[in-house]
Amino acid sequence: MGAVTDEQVELVRALIIGVPVGRVTTYGDVAAAAGLSSARIVGWVLRIDGSDLPWHRVLPASGRPASHLHTEQLERLRAEGVLAVDGKVDLRTLRHQF
DNA sequence: CCCCTGACGCTAA
DNA sequence: GTTAGCGCCAGGG
């Protein structure tokens, strides 16, 4: 199985939309829930067409946003009450369970 | 077809 | 705490 189906892409979008305000998820968790073999695919979906999604609630497993998004993502999260310490979000407490 | 670039993740050192 | 290496996979040149 190598091809990414449209259903999987739609599922990724639906899953992300389902993350509640004030909570976050990770690329890996979304990938697993959508049945994808690689977290990169989730990043790909968001990069290609994620502007209409709450993409800021998706973080790397490290809890630290990719450098080019660092400022904006943390700002959006802060606006929802998700605070970061040293640019890092505490996934242990804020991670959403699918 | 080969090579490179990513909004990634895990392990080892 | 850090860096390096590998696996992963879609697209573009």
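Computed from a predicted structure; not experimentally measured. (Residues numbered from 1 in each chain as written. Chains lettered and ligands numbered in written order. Predicted model: local features only at pLDDT ≥ 70, side-chain atom pairs only at ≥ 80, totals over all residues. Heavy atoms only, no water.)

Caption draft 1: Structural detail: the protein's contact with DNA strand C. Neighbouring DNA strand C are Gly2, Ala3, Val4, Ser37, Ser38, Arg40, Ile41 and Trp44. If you look at DNA strand C and keep only atoms within 4 Å of the protein, 80% of those are sugar or phosphate atoms. Contact distances for DNA strand C include 2.6 Å between a phosphate oxygen and a side-chain N or O atom of Ser37. Arg40 is positioned with one of its side-chain polar atoms (N or O) 2.8 Å from a base oxygen of DNA strand C. A per-class count over the surface near DNA strand C returns four nonpolar, three polar and one charged. (Near = heavy atom within 4 Å. Polar contact = N/O pair within 3.5 Å; in protein donor to acceptor, adjacent residues only side chain to side chain. Nonpolar A, V, L, I, M, F, W, Y, C, P; charged D, E, K, R; others polar.)

Caption draft 2: Region of the structure containing helix 4 (residues 70-79). Among the residues making up helix 4, those that are buried are Gln73, Leu74 and Leu77. Buried residues of helix 4 fall within an arc of 95 degrees about the axis and therefore sit on the same side. Residues Thr71, Arg78 and Ala79 are exposed on helix 4 and point more than 90 degrees away from its buried face. Positive backbone phi, at 95 degrees, marks Gly81, one or two positions downstream of helix 4. (Buried < 20%, exposed > 50% of the residue type's maximum accessible area, 1.4 Å probe, protein only. Helix = DSSP H or I, 4+ residues; strand = E, 2+ residues; numbered from the N terminus. Arc of directions from axis to C-beta.)

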